[in-house]
Structure formats: structure tokens, C-alpha cells
Amino acid sequence: LVSPLAKKEGERGRQATFGLCVESVGDVRIRAREDRVHLAGNLSKTRACGKRAELQQANPVQCSQSQVWLEEVRAEVPDLHQYDLTTLLERVQDSDVLDLLKALQSTCKNSGGVDASNWFELTKACIKDPHLAAGQKGREILNFVINQVENLEGDACVELVETLLNSIGPQSNENHAKCLDLLPKLLSKISKLELVVVKRGASKDSSSRASEFTGEDYRSHVIDELCRLEWPKPLVITIATTIRDLHLSDGHLKQAIKRIARESRSLDLQELPPLVYQLLLLTTHGHRQVILRHILSLFNDLDTQCQYNLAEGVRMSQDEVTESCVEEGELVPVEGIVLLHFTFAVKQDLALGQELLRILKMRLCDLAPFEAALLLSLSRIQRYECKALEILRKAADQDFTHRRKVSSSMWVGGLEDLKQPSSIEQVFRIVLRRSARGWDHVVPGIISFTFHLLESFARKCNLIEESASAGGNLQTSSTLAKSVATTAAKCSIGLIEQAFRLHASVREEILGQIFSRILTRDDSVPCFINLLSRIASRCAKDILGCMPKVKEALEYVGYMTPFTAVAFVRALEPVLRLQPSLHDYLMIILRKSLFSREPESRLVALDCLLHLAVQTPRSNAMSQSASADDDLGLEIVGQLRRCLLQQANMRERLYSGFCDLARTKPHLLEYVTNVLVLHLQRYCQDNPEGRVLNLEKCLDNAGGICEPMPNLLQAIASCIFFQESFEDGGGGGASEMHSLARTQMQKLLTWIERSELEDFDLSTSTEFKESDDGRKHLSMAKLLLGVYETLLEYELMCTKGSQNSAHDRPQKIFDKMQELSDILRENTKGSKGRKGASYVEETFFSFRFSARSLSITGKEGSAASQGTVNDSLVWSIPFMSMVIQTCTKQISQLRTESLSPELRKELFQNCCLHVAPLLVRQFFANSESKRCLPMTISAGKKANAMLPKPLSLMALKSLEAYIQFACSRFTKEQIGQTATELAKELRLGLGEGGCADDRSVDAGTKSVDCKISACIKLFQTLFENLLREDDSSQCACVMEVLISLQGVLSCDELGDHLEWTKQACMENGCDVESGTGIVKALVTSYLQMTAGDREMEAARSLASDVLRIAFEEDEENPVEESVHPEHKIVCEENLATVIVVVNELTKLCCEDVEWILAYVDASARPDIHENDEVSDLPENIAAVRSSNRVEDEALCRLSRLVDIMLQLSKCYRIELSSIEVIISGLARVYRSAEYTARRILTHKTKPRKTFITLVQKIGGVLNEEMYQLLMRYANHDTKQMVRQKIQKEAKLLPNLVYHVERLEAHLIKVQKEHGKKLDLMRNFKRSVSRDFKIDHAELLNELNKDEDKENDAGKGKKKRGKGNGKKNKVEDCGEDDNDVEVLSIEPGPSSSQRPAPWASQQSGASASQRSAKRART
């Protein structure tokens, strides 16, 4: 044979190919047959290629000889036995097996013999002998045999199937698994047979038995038998593949999936990825949900076991770790491959991806790390991106809201059966840790999600101003949303920072996204600044690898807002220290911006340069001595001299920055003072009387201020003060420039003392109108008032009572300042815009001045007794009132400002540790002396303004503002320090006797909560003392302080203060004035601390007390004189306040109930309820029972709220405003009841007994009282409030009716779904007509017509007075018997015979007509 293959075989030689066969078997005949078959195979290959003619032409002798050999092979092949064929295949090399089989097939066909038996025996041999099917040779033999199945007879196929089933056992290996590929084709052929007879072997004592099946029945029987057999581990994956090729029915497929799920938990980790791949392919046949849930459950259990092993591994040594422990290093690569399989599968099958998202959406509260990684992988696919990110965001929101609810609501935190959701932050930290070990493909998803989460919550929070009240108790909806947003933003920032640290490939992308968001002027910019600051402080060296990105961002500094630009530069300080070239690059950019045409760019450059001068970003390697810092500071100060010639706001910023620079850099004091003093000399001039400050130069031609002289003087005074402090600390003597500054300020003090208001064209008759002269006068008054304040502060802070200073100079300056303030206040009241009045609210006094002035109490050891301040200011009541008002103004100006970290630290030192304790000292000092403001200062048109205003009350109100500011801006630890300082002053003021216990408690404890609690107890003692003195206004201030401090404490710490608050509410009665706010503060504090009570005894008791007082007395229901309210604070004067507070608590409780029910629904597991096998597990039964108990608890709480509103609805003798408050509370309760009914319809669950009890209570009792309350409201005597009543009815009543009808509609649907046994509408009045329509415009027209008639009838009434005309019109409008009907009932009689609104009446309209009318309404 001349073919290439024959030539190759000839070179090898026959002896090399078949010699071993002869030696081992010892049969010469087999060798001859092998030679002939081999040659025949080569001939058949040549013939198949169509080259036989070429062979005959090339070598006719060899061709004729091969034909002779072929004929001999054809004669020998039918005589091959099974042993001969298998032995022949074993001895052939792997590369020659396929040639041999094809030669055998060709010779069999040409000989016309029966070849089926040979293939049958060969297949049977492969099944029985695993070695024959091993390796590549076995794979080729099986593939060839599979193609010959069609040639087999039915009995042979059945026998092969039985042989396959019998081969599956504990001894099976991977070679047996290859034979299972025959099963799909064998069963496919058998299923076409009409009759199948199966002969099964029996034991030795019994004969064999035969079973008859149809083809399909036998196929089903084989599948059932396959699922019942014990699967060896090597065969699980192959059996799963075989099942996929069998195209099973729905029942068989479900049975097979359950068996695979059971067997998969016993496999090794390395065998799971191919099995998951086969299962994902199996989803194309159906049961996607079952398969996906099994895969997720399998890997979630592995994750749980892995986390448990990690936790236990810390406490166990390596010798104690068993082999069954799942190591994270082995699990992570396996899960990474599975995630890739999922990603590929959902790209090909849209339905699979949608089903996977549907399943993961049900697990919002139980997301595992593998599921989170799976969602992150899906988020990178465009069609699933939005849904995957939304699921993750909702899971995070659910987790963070649960945390805040548990910490803020005592009732929610006390629910023991409430399921704890999975911590999203912990889950994503695990995913990030694993992403560095093989989950690289989830990193882009993590970055995308964390930025999406940060953007979603960044606008609702402010990370720069972190407060302690965010973690306090009893938060409202707005504060809860803000605290949740803050927690989510912190979590996102931490995750992005961890991703930046772990993965170098995403660092540029992270920085690019941060910079792109910082450049936008969005509300979320502070959060991204915080993120950049965190990354730069912890990964500064990693940022150096992204210098092009950083430089590109720095080029846009001039386009940012000033606050954002300074925060951006502050965040990059660690990088600037490491990279001097970057710092120089920033300085060049800022210098260019300083010469920009845009005013805001110049302002940005000014603030950034001042910040760089104050916070010098240079490392030790860059500055070996202070000379480098001096050079940088001098360079910046020299560049900023240009700003002295720019706009007024630029100069104000410059002077303020120079003050900070002088405070932080003492070695630059001389340079800064030199610049400021030289600039001041431009506005000074000499005259015979001395140095004079020319304020005319500070105004421009239009009358505006071009030079903020008070800011300039304040900066110079600050430099002098810092120099004196530096000298007192041993820092050396004063320089020549500072002596010149002191001399200059002393001359100005002498000048301002001698000058009068007339010297500046100001007097009591000066007008500040919108004219050139008016604007000029107003600007001059502002400048002069600021100069007075600045020089007065300098006199008190820097002169130290020296001999050069006049004895009565501070008093004179203060008197002139007061005179000018009065002129501004009086002459700007009628001006348009009231610019002068708004200016009075600002102040140039610093916190140092406030602390210094508040220390003047006249007591022994104070500043006054030591002779440092003249005696005239010690007892000057106007001066002390001005100081206290200044403290309030200073803290009010800071409420809306964003505080930098440096400013926050300074404010904490000044406000909390200095000013607030001194305000307590001032309160006690002024309480002893009973000092009040003179009536001439506090005089006004109102009667209450004519009363003297105690300085102690002003001090308490200012202290209240400081405490509220501290609780909203500072951390809990800082508030603890503030409480310690306040407690010291409180003990001194209260005396030694009454506070010994509190002092011992505070001294023996160090925790923050204990310090705050000790301070609260001292304020409670102060409250009792003030209450005994009948000082309700001061008591109200103290209660507000108590509420603010109690809001910082956790729920567990409030128990100590509950008894005191309860006693205060029970013992203090009508002697407390209701208008002062003390009643509301006391009741609010009482209800807040008892909100965790399951039975809500406090709120129900208060509602009962209100009912005892406001119940209508008649013959049937006489009021017993012996019945008194349990809480004495509930009296007839305080009913409205108590009703408002109880109503607010009701609304908060309704929010908690709805959130609990929504959380129970979110944490429910529909997959467990639908699967009977899983739902019967003990842990799942316990989880369902816990959810039911939580649901019952929520419904019982709502039922108690119904009891509270029922008692309030029965009140008769209450004001109209109180009725409106009760109606709004009823609407909120009905809304919550409607939600409970709607969720039953949504989830198709059976109503619980607690829900039925709630509905019966609403329908049987509350509805009737609600209708009676609405009738009283409609018929209420409102002669003076007709218009206001109409305005409120237009929204208040329809809102209530809407929720009532929605509740009834849902109850009807629930009743229909659960049959006639459940009668929820039994106590509801179906005949009540609530169809009404309010034409607001028509009502107002009718009112105007009535007014016109009354005006025409009695014009003489207008002569009664100028202020009573409008009032009389409104009164006359309500006196007419034919007054306007507020509600028009449809259908009904005419207006003259119209029944009372909301009255029960039989409606003749059908149900369809009523529903149509309601739809129109």
C-alpha cells in the first residue's frame, strides 16, 4: 500500500505493532488475523479517500496482493470472538484504535455477516471492564460504539441498560462514568419498542424472573431506578450530564434535581463548578427556580461554615482543625469559577437572569457574600445593571434602617423575636477581601455599587458635621432618614477606600470618579471630599502613582466654591507632603487664580493660600528648620498683599485668615502685624486733638462699604492679644512693630472716647431710606457700630486695666454703642427690606470676649473683685444683657454654616468648655441678685413686652441654644466633656447639700453616659427649685435642655430618669402656666421615655385624664366630683397641649408599626413556604413563629393606639384646634389600619386573630365616635374662624374619609377571598353616606356676599375702631342663621332641610351609584 498512512505503518513494522500480542497470548492465529485486519484497514482508508485508481496505476503488484489479504480478512472477521476483539483492542496503540474499528466496520459490511453481535459484545465488555474504557482509547471506542447503537436489537439494548445500572455502585470510577453516555441513546431506542421483556437475575435458591414493560414505561422505570441508586462521587457529574440528555418529564426532572441537590453536598469543592455548570444547562428544561435556589443554598451554607471556621480557628490550634473544615482559600477559587458560569449563563438565557434577580430580591434581609458577589457580577451586564444595583441598595437601606430603628425606638429595640438582617457592610468587606484572592471580576461591580450608594444618600447627610444626636433615642422621620443616610455614606466610603487599597487596577478609576463629582457643585460634594481625605490619609503613596489625574483635578480648583476648594486642598495635604513638585504646582495654579478676572476664583485662591499658610504641608525631610516654614509663610503673605486693594469681601476673608495665621504661626506675627498696621495708616490722619480714623475713606461713591474697618481693627487686636499671650508664656519680648500697633490702638481708643455721633452725621433723626444719603448713613452706622464693638473688646481683652487706660472708658464706649444700636433699631423698622434690623443681628465680638465678659459676676475671686475690670461694668445690667445676647447671636450665626475640622475644634473649646459653663454661672449670679433689664430697653407695643426681662432667663435661653447646638454638631464624647464642665458649675450654684450624691456618682464613673446622666440629674434638681419658685419660663428652658441631653443617651440609659419625669407630671398641676412650653416639654419627655412600653400605659393614662376633664356632663353621664386625673399636669388649661403631644406620639408609633410589618414582609422567605420539605424543618418553623409573634405585637400596638384615639374622640369640651389635631391623628391610625389590610391582600395570607380583633374594635367602637366627632366639628361655634375652618376642611376631612373608605374597600376584598366565615364588615355601618363635594371658590364667594350685605346694612359699625373692622365682618358672617354649609351631602334633601353632616341616614342609591359618586369625589 502506497498511501502515507500505509507507508508510516510500514516503517514502524508489524512486529513493533503486534509483537507483544503474540508473546502475551501465544496464539499465532491471532497474530495473522491482526496483520490482515491491519492491512485491510489501511486499504479501506485508501479506498475511502478515492485513491484506489492511483494506487493501481502506481503499483499494480502490491494492489493485487492487498486484495488477496482483504479477502482473507473478510473470511476471518466473522469468526472473531469477544475475547479476540477486546484483546485486539487492548493491544492496539491509541492512535490506531479508530482505524482498526473503521476497518472492522468496513469488512463486516462488505462481508455481509452479522456485525451487531460483535458491537454488542464489545459494548458489554467496555461496561464490565473499566480499563478498556480508560484514557483516550476508551473515549474513541465509546464514541464509535454509540454510533452503532442503532444497529443493535431491542433485547441487546435492554441488556446493555441493565448492565449499566448494575455497574453503578460503590466501586464505580471515572471509567464507568464514560459508559453512561450510552444511556440516552439506548433509552431513546428502547422507548420506541412496543414490548420490552426484562430478565432479572435472582439468588441461588430462586429462579430468574421476567418483567414486561412498554418502551416508555421501561424508560420511566430506568429513570426512577437511576434516581434511587446510590451514586458514587465520581459519577455524580456524569449522571447529571446524562439526565440533561435524557429530556425528562416534569416530574422526573424535579425528582432528579432533588437527588442531585442531595448528592452535591457530599462532593469535594473542586467538583462543584462542573456540577453547577451542568445544573445551569439543565435550567433550559425547566424548574429554574428550584435549581437556582439549591445552588444559592449550597454556597451560602459553605460560606456560613467557612465564616464559622474562621471565627473558631482563632480559638483553636492547627492540630484541632478537622479535615471537614472549609478553608476560605479553597472555597474562594471555586466560587469564583461558579460566578463566571453564572455570568455566562445569564448572558445566554434572559429568563434565567430574571428568575435569579427575582429570587435574590426575596432575600433582601439575608444576603450572603456569594449572593452579593453574584449581584455585583450581574450589575456589569447592561440588561441587569439597574435591577441588580437597586436590590443591593434596598438591602443596604433595610440594614441601616433596622440599625437606627433598634437604637432610636425603644419598642422596636425591645422586640426579641425581630430577626436581625445581614450586615451589608460586613458582607461587602468579605467580598472585597475575596476579590483579592480570585474574584477580580466583581471589583468593577463593587466600585459601581459603592459610588451608586454614596450618591443616593450623600445629599441627605453631612459627614463633616457628625453629631451625637444621630445615635440618640426617639428620632422622627426626618432625623431617622438623615442618620440612615449618614451610616450608608460612611459604609460606602469605607468600602471604596478598602477597594482602593487592595486593587491597583481600579485606583485611577476611583480617583477619576471622585474628582469628577467634586467639580460639580452638588450637595453631595462634602461626602466625596471626605472620601478623598480618607484615601489620601491612608493611601498617600498609592495616590502618587496617579499623579496625572491629581494634577488635572488641581487645574480646576479655581472653578470650585471656596469651601469646596479649601476642603479639597486639605484632603490632599498628605500627598502634598510626600510630593514637593505637586505642592509647587498647586502654588502656581493658585497664583494664577489670584489674578483672575472672576471674583470667585480670586476668593478661592485667597482661601486656599491662607489655608496653606496656616496648615503648612511640608514633611520633616522638606523642612529641616523653621526657616522653610518662614519662607513659605512670607511668600504667601507677600502674595496676599494684593488682596488689600480688592473688593470688601476679599478684605474680610484676608483679615480673618490673618487672625488664624497669627494664632497658629507665632513666628509670622510680626510680618502680619506689619502688613495690617501699614494698611491701617492709610485711613488715619493727624489733627490737633490726636490720631483720627477717617471713616469717610471706607465708603465708595455709591455709599457702600469698600473697606471693612471693623474687621481690620479686629485682626490687629487679635495680633496684639496673641503676642501678649506669647509673652506671658515666656516667648520673648515684644517687637517694635507690636509696640507701634499698641500705640495706634491706644490712640484710636482715645479718639473714639472723645468723638460723638454727630461727628459722623448720625443722630436720632437720621434716616436710613433707599436713597444715596440713606445708604451712606446706613453704611457709616454699620462701620461705626463695628468699630465700637472691636475697640470695646480690645479695651477689655488687651489693656488689662493698665494705668494708661481711662477708668470709665469701657462704659463710655458701651453707652455710645447702645445709643447707636437704638437709633439703628428704631429708624430702620419702617425701611424697605429692613436692612438695618438684619444687621443688628450680626456681631463682631469674639468668643474670647464672651467668655471674658461672662466671668464678671461680682463674686469673690472673679475678674471684677481682682480689679482687672472697672466696677461700672460689673453691675451694668444693659452690658451683661448685651453680652448674653451676643452669645446667642454668635451661636445662631453658626447654625447654618458648614464647619471645617479646625473651626469645629475651636468652637468646641470656646462654646462648650468655656462659654456654656459661664452661662450657668451667670444664671446663678443673676438669680441671686434678681437683676432684670430696665423697662425702657424692653418696651414695646405688646403688653408682655413691657415686663422686665430677667438676666437669669436670658442666660438660660442662651444656654439652651448652646446645648442644642452642641448636641447637633459634636460627638457624644465631646458632649460628655461639656456635661462634666456644666456639672461643676451646677454644683457650685446649687450648693453642697443637695448634690452630694450626684457628685459622688459623677466622680466614681468615667463613661460618657454616666457623665451626661449626672448632669441631667443636676438639671432636674434645678428644675425642682425653679418650680418651687413658680418661675415657669425658666423651668421651660431647663426642660428643653433636659430633652436635648436625654436625646443623646441610648435607650438603656433613660430608665434612671423616667421615674423623676413621671413624678413631675403627676405632682405638678394647674399652677404651671400652659403658655410657657413647660407642659409640652414635660409631657414630651415623659412619653418619649415610656415609648418602649408594650401596653403604652403612659399615653393611655394621659388620654384617660383628658377624657375625664373634657367629657360632656349630662343627665345620663354625670361627672363625679371625686374623679380626678391621675396626672395633675392634665388640667383644663393644658388640654390642648397634652392632646398635641399624645397625637404626635401616636403618629410616631404608627410609623413604627408600619415599618415593622414591612420589615416582616421583606424578611419573609416565600421559597420556604412553597417547599413542604424545607418548611417542615425545625429552624424554619421557629423562624415563621417568630415572624408571627412580631406581627401580632405590631397589630396589638396598633390596637392600643386605637384605644388612645377612641378616648380622645370622646372629648366634648375642647377647642376647635384640638378637634382638628384629633382628626389628623385619626387619619393616621386609619391609614395604618388600611396598610395592614392591604398587605393581607398583597401577600394572600390568612388574617390573624389580632387583625380581626383590631378591625372589630375599629368598626364597632371607633367609627361611631369618629362620626360623632366630625358632627361636633361641623357644628362647632366658629364665629371668628370661618375662613380658617374652611381652609382646613378642604384638606383635613377628605384625607380622613379617604383612608376610611380605603380601609373598608380592602376589608371587603379580604372577606370575599376568605369566604363567609370571616365577617370583617359586621360592625361597619354600610349605610353612612360620606359622599361630599367642597367647592372652595363658591364658599368664599358666599362669604364675601354676606360681608357685603352686612356692610351695607350697618355702616356705622366701622366707626368702632380701626383694628376691629375686619374682626366685626367675620363675626357678622357667622351670626346669620342661613350660614354657608361646609359639607353638601349627596344625595339628600334641599339645603333648608339638609341633615347634619356625617349623620347616619339610609341612602336610596344603589351600590354602583355610590361608588360612582365616590369616584367623582
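Residues numbered from 1 in each chain as written. Predicted model: local features only at pLDDT ≥ 70, side-chain atom pairs only at ≥ 80, totals over all residues. Heavy atoms only, no water.

(A) Looking closely at the overall build of the chain. When its secondary structure is counted, the chain shows 63 helices and 4 strands. Here the chain, with 1417 residues, has 53% of them falling under the buried criterion. Of all intrachain contacts in the chain linking residues separated by at least 6 positions in sequence, the fraction that spans at least 24 positions is 77%. Carbon together with sulfur atoms contributes 48% to the accessible area of the chain, which is approximately 65,200 Å² in total. (Helix = DSSP H or I, 4+ residues; strand = E, 2+ residues; numbered from the N terminus. Buried < 20%, exposed > 50% of the residue type's maximum accessible area, 1.4 Å probe, protein only. Contact = heavy atoms within 4.5 Å. Areas by Shrake-Rupley, 256 points an atom, 1.4 Å probe, with all protein chains shown as cover.)

(B) Structural detail: the pattern of salt bridges. Scanning the entire structure with this criterion turns up 49 salt bridges. Put simply, Glu371 and Arg363 hold a salt bridge, and the shortest N to O gap is 2.5 Å. The pair Glu371 / Arg363 is uniform in exposure class, with both members buried. Among the salt bridges present, the one from Asp417 reaches Arg1189, with a minimum N-O distance of 2.8 Å. One end of the pair, Asp417, is in the loop between α22 (410-413) and α23 (424-435); the other, Arg1189, is in helix α57 (residues 1178-1209), with 772 residues separating them in the sequence. Residue classification places Arg1189 among the partly exposed residues on the basis of a relative accessible area of 42%. Each member of the salt-bridge network shares a partner with another, and the members are Asp303, Glu328, Glu335, Arg433, Arg434 and Arg437. (Salt bridge = Lys/Arg side-chain N within 4 Å of Asp/Glu carboxyl O.)

(C) Highlighting the packing of helix α32 (residues 580-594) against helix α33 (residues 599-614). Contact pair α32 / α33: the axes reach a minimum separation of 7 Å and the direction vectors enclose 140°. With respect to α33, the axis of α32 lies oblique. Relative to α33, the crossing made by α32 is left-handed. Between α32 and α33, the residues in contact are Leu586, Met587, Leu590, Ser593 and Leu594 and Ser601, Arg602, Ala605, Leu606, Cys608, Leu609 and Leu612, respectively. Here the residues of the contact of α32 with α33 sort into 9 nonpolar, 2 polar and 1 charged. (Axes fitted to C-alpha atoms, helices over the stretch in contact; angles between N-to-C directions. Parallel < 35°, antiparallel > 145°, perpendicular 65-115°, else oblique. Left-handed = near helix turned anticlockwise from the far one by under 90°. Nonpolar A, V, L, I, M, F, W, Y, C, P; charged D, E, K, R; others polar.)

(D) Fine view of the packing of aromatic side chains. Scanning all chains against the criterion turns up 15 aromatic pairs. When the ring of Phe814 is compared with that of Phe879, the centres are 5.4 Å apart and the planes differ by 85°; the resulting orientation is edge-to-face. In this pair, Phe814 is assigned in helix α40 (residues 809-827) and Phe879 in helix α44 (residues 877-893), connecting sequence segments 65 residues apart. Take Phe879: its relative accessible area is 0%, and that puts it in the buried class. (Phe/Tyr/Trp six-rings, centres within 6.5 Å; stacked < 30°, edge-to-face > 60°.)

(E) Looking closely at the side chain of Glu985. Structurally, Glu985 is set in helix α47 (residues 972-990). When near neighbours in sequence (up to four residues on either side) are disregarded, Glu985 contacts Pro917, Val920, Arg921 and Phe924.

(F) Expanded view of unusual backbone geometry. Even without being glycine, His287 reaches a positive phi, approximately 55°. For Asp761, which is not a glycine, the phi torsion comes out positive at approximately 60°. By the element assignment, Asp761 lies in the loop between α38 (736-754) and α39 (772-798).

(G) Local environment of the nonpolar core. Counting 388 residues, the largest nonpolar core has Phe568, Met709 and Phe1019 as the members making the most contacts within it. By residue number, the principal contributor to this core is helix α54 (residues 1135-1163), which donates 15 residues. (Core = buried A, V, L, I, M, F, W, Y, C linked by side-chain atoms within 4.5 Å.)

(H) Just the environment of Leu668, in detail. For Leu668, the position within the fold is in the loop between α35 (648-664) and α36 (669-680). For Leu668, a relative accessible area of 1% gives the class buried. Along the chain, Leu668 and Gly633 lie 35 residues apart, while their C-alpha atoms are 7.2 Å from each other.

(I) Focus on the packing of helix α19 (residues 350-361) against helix α20 (residues 369-378). Where α19 contacts α20, the axes come no closer than 11 Å and their chain directions differ by 140°. The pairing of α19 with α20 is recorded here as oblique in orientation. Where α19 crosses over α20, the handedness of that crossing is left-handed. Residues Leu356, Leu357 and Leu360 of α19 pack against Glu371, Leu374, Leu375 and Leu378 of α20. Within the contact of α19 with α20, the residues separate by chemical class into 6 nonpolar, no polar and 1 charged.

(J) Region of the structure containing the side chain of Glu1154. One can find Glu1154 in helix α54. A polar contact is formed between the side chain of Glu1154 and the side chain of Ser1232, at a distance of 3.0 Å. The residues contacting Glu1154, other than those within four sequence positions of it, are Arg1228, Arg1231, Ser1232 and Tyr1235. (Polar contact = N/O pair within 3.5 Å; in protein donor to acceptor, adjacent residues only side chain to side chain.)

(K) Quick peek at the confidence of the model for the chain. Looking at the chain, the pLDDT average stands at 75 and 68% of residues meet or exceed 70. Confidence over residues 43-56 falls short of pLDDT 50; this stretch has 21 contacts with residues more than four positions distant or in other chains. (pLDDT = per-residue confidence, 0-100.)

(L) A look at α23. Helix length check: α23, at 12 residues, gives a terminal C-alpha distance of 16 Å against a target of 16 Å (1.5 Å per residue), a fit within 8%. Listing the buried residues of α23 in full gives Ile424, Val427, Phe428, Ile430, Val431, Leu432, Arg434 and Ser435. (Expected span 1.5 Å × (residues − 1).)

(M) Representation of the environment of Gln977. On the secondary structure map, Gln977 appears in helix α47. Along the chain, Gln977 and Ile1012 lie 35 residues apart, while their C-alpha atoms are 8.7 Å from each other. Once residues within four sequence positions are removed from consideration, Gln977 is found in contact with Phe908 and Leu913.

(N) Summary view of a negative patch on the surface. Judged by side-chain charge, Glu756, Glu758, Asp759, Asp761, Asp815 and Glu819 come together as a negatively charged surface patch. On the basis of relative accessibility, which here comes to 40%, the residue Asp815 falls in the partly exposed class. (Patch = residues over 30% accessible without salt bridge, like charges linked within 9 Å, V, L, I, M, F, W, Y side chains within 5 Å. Lys, Arg positive; Asp, Glu negative; His and termini not counted. Charge placed at Lys NZ, Arg CZ, Asp CG, Glu CD.)

(O) Looking closely at helix α15 (residues 250-264). Given a rise of 1.5 Å per residue, 15 residues ought to cover 21 Å, and the 21 Å separating the end C-alpha atoms of α15 matches this to within 8%. For α15, the complete set of buried residues consists of His252, Leu253, Ala256, Ile257, Arg259, Ile260, Ala261, Glu263 and Ser264.

(P) Quick peek at a nonpolar patch on the surface. Judged by side-chain polarity, Leu519, Tyr556 and Tyr559 come together as a nonpolar surface patch covering roughly 310 Å² of accessible area. Mapped onto the elements of the fold, Tyr559 is located in the loop between α29 (547-554) and α30 (562-571). Overall, Tyr559 belongs to the exposed group, its relative accessible area being 60%.

(Q) Inspection of the environment of Val637 at higher detail. Take Val637: it is sitting in helix α34 (residues 626-640). For the pair formed by Val637 and Leu654, sequence separation is 17 residues and the distance between their alpha carbons is 9.9 Å. Ignoring any residue separated from it by four or fewer positions in sequence, one finds Val637 in contact with Phe658, Leu661 and Val675.

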